[in-house]
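# Remarks on the overall topology
Letter by letter, the chains look like this.
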Amino acid sequence: MFFKKMELLILETRERITITGRVQGVGFRPAVYRLAGELELGGFILNDSQGVTIELQGTDGQISEFLSRLQSTDSPALAKIKSIERKQINIHKGEKKFIIRMSKSEGGVSSEVTADIATCGDCLAELWDNRDFRYRYPFINCTNCGPRYSIVKTIPYDRPNTTMSEFKMCSKCRGQYEDVADRRFHAQPVACSRCGPEIRLTDNKGNTIRKGTDDVITETARSLKEGRIAAIKGIGGFHLAVDALNNQAVAKLRYRKRRDHKPFAMMADSIETVKKYAVVSRQAEALLTSPESPIVLLPGKTESGIAEQVAEGLDTFGFMLCYAPIHYLLFAEGLEVLVMTSGNISDEPLICKNQKALERLGSIADVFLLHNRQIFRQVDDSIVHFIAEQPTLLRRARGYVPAPMFLKQKADQDIFAAGADLKNTFSFVKGNQIICSEHIGDLEDAEVYEHYTESIEHLRGLFEVEPQAAACDLHPGYLSRKYVLRQKFKEVIEIQHHWAHIASVLAENEMNGPVIGLSCDGTGYGTDGAIWGCECMIASLEKFERFGHLRYYPLAGADKASKEAIRPLLGLLKNVYQDDFKLEDFLWLLEEIEPDKEKLKVITKQIDKNINCVLTSSLGRVFDAVAAILGLGTYNHFDAQLPISLESAAAEGIEDKYNFELVSGKDGAVELDITKMIKQILEEKQRNVPADIISARFHNTIAEGLLNMALKARENRQLNTTALSGGVFCNRYLTDRIKRKLQDKGFEILYNRDVPSNDGGISVGQAVIAVNLLNRKK
């Protein structure tokens, strides 16, 4: 017996295991506790600023089985393990019990603060169970769902560090919170109607109309059914809601919100309801019902019954499913489909505070459904669409932020990447992680810029980042660049816009390059002072070479040129016809787009005299011009409105294309010359060829031109991998076609999926370039 005890003692070992990834706020500690108890292991687990630390004492076999099961069958649904480090340490004699220790926060922060997650099935079952003490409670949640990022002030993710700290748990909630066998063990937002947040309904002056869940929900739903506008406070901020089937209600919301054209997102409570109004593929259904619960762009059904002004002129609808208990309670009152658009005016930041909502949205909403759980971090809804049947982010926010992107190499220092001025995000680099912010917006708006600067400080503090170096765009007028220059970083790296686009693709795919980069958008400041926008690059994380581009054309009017389609159209006409261009010859077309003949003369003179005029290779502005030619619109009331309309108009099944040429430019680069295409489009317009046919042929031509530049680059540089990025590749018709063409020619194709291909991905590209350049200096 003595020798048997000695044998067991000799076989026993102890290990310290450090795990990083998505392991806080997802039920990881209770899962570890239960598994360790089942395997009769001693030790402890705690949250720390690296992730979690576990010490296990038992036999090698027990510890090996523990790690095997933790990475497979016993891992919590929302957990995502990135790395596991094991170290053998001294045995603690006689330790047989496994415990959960209090968290510690010392050390550099690299643990992942998790995103806000849609209400899980277990919580929904309890929401509708009248025997459960959280029956119809609007804030029901557990370790598998509910708010996280939007309520956390600092890490570790424990209740005292969240906005739930002001709500003292009742005995029932505390019992579940402390019960390791319970689904709510250490669920930080746990609460019930006795001890947690409450909802109330007010008028637009803040006067209370109803209190108590049942009365508030019933009255809010009644208001919506009667065509009134409701401001509803949710997880990451306010929504403005109306009945999506009520034409007058939707028109009223557009008028009051000052949003005349941009499409509205909609919400339903089931896939079955969404399928009444849109085509839902298996992949789209999986995304709609995922824990992230984004807005998904879907092909709309004709004569669907959705109010025309929800997405006028477009062939897609943006749908999401309910993702918070308060949404489910409202829809249970017999609502069918609601417009659920961001609670703000025009393009200002999302509002998340009650008083500010009443002040700013009081002229829009008739009633306000408020609650008293503070939102510490406002977060918009994410938007996803499909490229070649693969989900691709258009706006990265709720459900996805702040999940980091992991780098192949570790940064030698913390870095800040400022992003672009449109669709801004910013990023921090710490260790081997890029932490990209949620969608911020367009920095030209003063409130958005203020939100930008405040957000930088919040994330810097949340992740304890102390950047001494920064990366920013080359554009001398960018507010993001000016912000960086004012901060007095020890080192600032200015990065060309389109190079950053391609680098964001390389970062997603953990590649260094070089690749053939096709980067196409509306605007990006070039190294020659021109405005670039249709680029073929030989790009790596170290450098880029401009191999080819769209032939320059003149663009008059600075910022006006991105709004008024007449400006790029006149620049293209002047470029195509050169000295033979006479305004009078094109009045048959131009006066339909701009009736003011004097304005046409002024813009033409600007181009002739080179007054407030730049050279550009912008492909986005070519889309604007062609949309105007086809009568699809004359003005971008929101970013890419005309290109979106042009894409929606394109006929299916058309393989024809127009003519173009690849020529040698003065700068030695290959130039894509679309002179013949423009002439053919004008000829077909005069012959009354349908707009949908012309649109399809135009898209086909652009795809063929980009393909030919890539083929030329492959021939010259012996590269076979292409990377696609830039706002133009948000166009599904074009991107699907160019991908198919490249594949047919044997190219390997990389493109953005996890970060947007529009300017929302620029900061990630800036960050990864900066890491590479700064590390090489050491």
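Residues numbered from 1 in each chain as written. Predicted model: local features only at pLDDT ≥ 70, side-chain atom pairs only at ≥ 80, totals over all residues. Heavy atoms only, no water.

## Observations regarding the overall build of the protein
The condition is simple: Helix and strand definitions follow DSSP, with helices as H or I runs of at least four residues and strands as E runs of at least two, each counted in order from the N terminus. The globule rule used here is 2.2 Å times the number of residues to the 0.38 power, and the radius of gyration it is set against is calculated over C-alpha atoms. What makes two residues a contact is simply this: any of their non-hydrogen atoms within 4.5 Å. Accessible areas in this description were obtained via Shrake-Rupley with a 1.4 Å probe; residue shielding takes into account the shown protein chains only. Charged-residue counts in this description rest on Lys and Arg as positive and Asp and Glu as negative, His and the chain ends being excluded. Here the site of a charge means atom NZ of a Lys, CZ of an Arg, CG of an Asp or CD of a Glu.
Counting secondary structure elements, the protein contains 23 helices and 31 strands. Its C-alpha atoms give the protein a radius of gyration of 28 Å, near enough to 28 Å, the size a compact globule of 778 residues would have. Seen along its three principal axes, the alpha-carbon backbone of the protein occupies a region of about 105 × 65 × 50 Å. In the protein, 71% of the contacts between residues at least 6 apart in sequence involve partners at least 24 apart. When the accessible surface of the protein is summed, it comes to about 31,100 Å², and 46% of that surface belongs to carbon and sulfur atoms. Separation between the mean location of the 100 positive side-chain charges and that of the 104 negative ones in the protein comes to 4 Å.

## Examining the nonpolar core
Formally: In these notes, a set of buried Ala, Val, Leu, Ile, Met, Phe, Trp, Tyr and Cys residues joined through side-chain atoms within 4.5 Å is what counts as a nonpolar core. Buried residues are those whose accessible area, probed at 1.4 Å on protein chains only, stays under 20% of the maximum for their type, while exposed residues exceed 50% and partly exposed ones sit between those limits.
Counting residues in hydrophobic clusters, the biggest one holds 104 residues, and the most contacted among them are Phe28, Ile54, Phe66, Leu369, Phe416 and Tyr452. At six residues, the largest contribution of residues to this core is made by helix α12 (residues 446–462). Non-local contacts of Tyr452, meaning those with residues more than four positions away in its chain, are made with Phe416, Ala418, Asn424, Phe426, Ile440, Leu443, Ser480 and Tyr483. One finds Leu518, Ile603, Ala713 and Leu742 within the second-largest nonpolar core, a separate group that totals 77 residues.

## Quick notes on the environment of Leu573
By the element assignment, Leu573 lies in helix α15 (residues 566–577). Accessibility expressed as a relative area gives 0% for Leu573, which makes it buried. Residues Leu573 and Tyr553, spaced 20 residues apart in sequence, show a C-alpha to C-alpha distance of 9.0 Å.

## Regarding the confidence of the model for the protein
Caution is warranted with low-pLDDT regions, since their predicted coordinates should not be read in detail. We apply this condition: By definition, pLDDT measures how confident the predictor is in each residue, and it falls between 0 and 100.
Residues with a pLDDT of 70 or more make up 97% of the protein, whose mean pLDDT is 92. Across residues 1–9, where pLDDT falls below 50, the model places zero contacts with residues more than four positions away in sequence or in other chains.

## Some remarks on the pairing of strand β30 (residues 721–725)
Working note: regular strand, side chains alternate between the two faces of the sheet. For clarity, the threshold we go by: Strands qualify as paired when DSSP identifies two bridges or more between them. If you view a crossover with the strands going away from you and the path from the first strand over the helix to the second runs clockwise, you call it right-handed.
Burial of β30 is extensive: five of the five residues sit out of reach of the surface. Here β30 shows no split at all, with Thr721, Ala723 and Ser725 on one side and Thr722 and Leu724 on the other all buried. Both strand β23 (residues 515–525) and β30 contribute to a ladder of four bridges, which runs parallel. Among the inter-strand pairings, Gly517 is bridged to a residue of β30, identified as Ala723. Inspection of the sheet shows β30 paired to strand β31 (residues 748–751) by four bridges, in the parallel sense. Its bridge partner lying in β31, Thr722 is registered against Ile749. Of the crossover connections in this fold, the one passing from β30 over helix α22 (residues 732–744) to the parallel β31 is right-handed.

## Considering helix α20 (residues 675–686)
Owing to its 3.6 residues per turn, the α-helix aligns residues three or four sequence positions apart on the same side. Heads up, the rule is: Between the first and last residue of a helix there are one fewer steps than residues, each counted as 1.5 Å, and that sum is the expected span.
Helix length check: α20, at twelve residues, gives a terminal C-alpha distance of 17 Å against a target of 16 Å (1.5 Å per residue), a fit within 8%. Restricting attention to buried positions, one finds in α20 the residues Thr675, Met677, Ile678, Ile681, Leu682 and Glu684. For α20, the elements touching its buried residues are α15, α16 (587–593), α18 (619–629), β29 (670–673) and α21 (691–717). Directly after α20, the chain includes Asn688, whose backbone phi takes a positive value near 60°.

## Comments concerning the sheet that holds strand β17 (residues 405–406)
So the rule is basically this: Lines fitted to C-alpha atoms define the axes, with helix axes restricted to the stretch in contact, and inter-axis angles between N-to-C directions lie between 0 and 180 degrees.
Read across the sheet, six strands follow the order β17-β20-β19-β18-β21-β22 without closing on themselves; strand pairing throughout is mixed. Edge strands, defined here as strands with exactly one partner in the open sheet, are β17 and β22 (491–495). Taken together, the four bridges between strand β19 (residues 427–430) and strand β20 (residues 433–436) define a ladder with antiparallel strand orientation. Across the sheet, the residue bridging to Phe428 is Ile435, located in β20. Strand contacts of helix α13 (residues 479–486): β18 (415–417), β21 (469–473) and β22, with the helix running at about 155° to β21, the strand carrying the most contacts. Against the sheet, helix α14 (residues 497–508) contacts β17, β21 and β22, and its axis sits at roughly 100° relative to β22.

## Some remarks on the packing of aromatic side chains
Our working definition: Two rings belonging to Phe, Tyr or Trp (six-membered ring only in the last case) form a pair when the distance between their centres is within 6.5 Å. Interplanar angles under 30 degrees mark stacking, angles over 60 mark edge-to-face geometry, and anything in between is tilted. Only when the NZ atom of a Lys or the CZ atom of an Arg is both within 6 Å of the ring centre and within 35 degrees of the ring normal do we say a charge sits over the ring.
Taken as a whole, this structure holds 17 aromatic pairs when the rule is applied. With 5.4 Å between their ring centres and 45° between their planes, Trp499 and Phe544 make a pair best called tilted. Taken together, the residues span a long stretch of sequence, with Trp499 in helix α14 and Phe544 in strand β25 (residues 544–550) at a distance of 45 residues. Ring plane angle 55° and centroid distance 5.1 Å describe the contact between Tyr577 and Phe586, whose orientation is recorded as tilted. By relative accessible area, Phe586 is classed as buried at 9%. Through successive ring pairs, a cluster of aromatic residues spans Phe416, Phe426, Phe428, Tyr449, Tyr452, Tyr483 and Phe489. One residue, Arg714, lies across the ring of Phe747, its end atom 4.1 Å from the ring centre.

## Side note on the pairing of strand β6 (residues 199–203)
Taken together, the five bridges between β6 and strand β14 (residues 367–371) define a ladder with antiparallel strand orientation. Bridge assignment links Ile199 to a residue of β14, and that residue is His371. Pairing of β6 with strand β7 (residues 208–211), which is carried by three bridges, proceeds in the antiparallel orientation. Counterpart to Leu201 in the pairing with β7 is Arg210. In sequence, β6 turns back onto β7 through a hairpin of four residues, with Gly206 there showing a positive phi of about 95°.

## With respect to the environment of Gly477
Summarising the element assignment, Gly477 is placed in the loop between β21 and α13. Between the alpha carbons of Gly477 and Asp421 there is a distance of 9.5 Å; along the sequence they are 56 residues apart. Those residues in contact with Gly477, other than ones at most four positions away along the chain, are Asp421 and Lys482.

## Some words on the sheet that holds strand β1 (residues 12–22)
On the basis of which strands lie adjacent, the open sheet formed by five strands has the order β4-β1-β3-β2-β5 and mixed pairing. Looking at strand neighbours, the two that pair on one side only are β4 (80–89) and β5 (98–100), the edges of this open sheet. Across this sheet, the average inter-strand angle for adjacent strands is 20°, counted without regard to direction. In the sheet, β1 pairs with β4 via nine bridges, with the strands oriented antiparallel. Residue Arg22 lies in a different strand from β4, and its bridge partner there is Lys80.

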